[in-house]
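These are the residues of each chain, in order.
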Amino acid sequence: MNTEKKEALFSPDEENIANKTAELTELLCTTQDYKRYEKHLKALKEQPEKYHKLNEFRRKHMELQLEAEDERYYERMEALYTEYKDILMESVVTKFLASEQSVCKMMRKIYDSIALKMNLDVTYMDET
């Protein structure tokens, strides 16, 4: 029988943070914004062709954002929106995207609050 003491996965501080994170996550999942997001995601997934088409658009959109330095960026972005205009105007898609945006805004506020309280030195990002 192996009697070696196993190393803890988390330090006591990290364990406390993990527990508090789990509590925060549970709380976030009870918000109206998140419940609305879940409802609209479920409705969208019930229409697999629209869900697939939206995800195709989102992948292409992300790829373009990563190439924002490209001199044809705006032209390519406009072409992408034109190509996917029909799916982006679907009610189930607009409701999902609006609810997703609300959840993302809530998460951003939380991230910003944590970052402000931690007072990390990120001045190197200001230097050119």
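Heads up: the structure comes first, above all this text.
Values in this document were obtained by computation on a predicted structure and should not be read as measured data. (Residues numbered from 1 in each chain as written. Predicted model: local features only at pLDDT ≥ 70, side-chain atom pairs only at ≥ 80, totals over all residues. Heavy atoms only, no water.)

**Things to note about the environment of F10**
Part 1: One can find F10 in the segment before α1 (12-28).
Part 2: In this structure, the C-alpha to C-alpha distance between F10 and T25, residues 15 residues apart in sequence, is 19 Å.
Part 3: If we skip the residues at most four places from it in the chain, F10 touches E15 and A18. (Helix = DSSP H or I, 4+ residues; strand = E, 2+ residues; numbered from the N terminus. Contact = heavy atoms within 4.5 Å.)

**Overview of the packing of helix α3 (residues 48-66) against helix α6 (residues 91-118)**
Part 1: It is at 11 Å that the axes of α3 and α6 come closest, and there the two elements cross at 50°. Taken together, the axis directions place α3 and α6 in an arrangement best described as oblique. Handedness of the α3/α6 crossing: right-handed. For the pair formed by α3 and α6, the contact residues are K50, L54 and R58 on the first element and V92, V93, F96, L97 and E100 on the second.
Part 2: Its residues assigned to classes, the contact of α3 with α6 comprises five nonpolar, no polar and three charged. (Axes fitted to C-alpha atoms, helices over the stretch in contact; angles between N-to-C directions. Parallel < 35°, antiparallel > 145°, perpendicular 65-115°, else oblique. Left-handed = near helix turned anticlockwise from the far one by under 90°. Nonpolar A, V, L, I, M, F, W, Y, C, P; charged D, E, K, R; others polar.)

**Notes on α6**
Part 1: Its 28 residues give α6 an end-to-end C-alpha distance of 41 Å, which sits within 8% of 40 Å, the value for a rise of 1.5 Å per residue.
Part 2: In this structure, the buried side of α6 is in contact with α1, α2 (32-45), α3 and α5 (85-88).
Part 3: Taken from the residues just after α6, N119 is the one with a positive phi, measuring 50°. (Expected span 1.5 Å × (residues − 1).)

**Details of the pattern of salt bridges**
Part 1: Applying the stated criterion across every chain yields a total of nine salt bridges.
Part 2: Linking D33 and R36 is a salt bridge whose minimum nitrogen-to-oxygen distance equals 3.1 Å. With D33 and R36 both in helix α2 and three residues apart, this pair spans about one turn of that helix.
Part 3: Taking the relative accessible area as the measure of exposure, D33 reaches 25% and is therefore partly exposed.
Part 4: Residue classification places R36 among the partly exposed residues on the basis of a relative accessible area of 37%.
Part 5: Where K53 meets E56, a salt bridge forms, and the shortest distance between an N and an O atom there is 3.5 Å. (Salt bridge = Lys/Arg side-chain N within 4 Å of Asp/Glu carboxyl O. Buried < 20%, exposed > 50% of the residue type's maximum accessible area, 1.4 Å probe, protein only.)

**Considerations on unusual backbone geometry**
Part 1: At N119, a position not held by glycine, the phi torsion is positive, near 50°.
Part 2: One can find N119 in the segment after α6.

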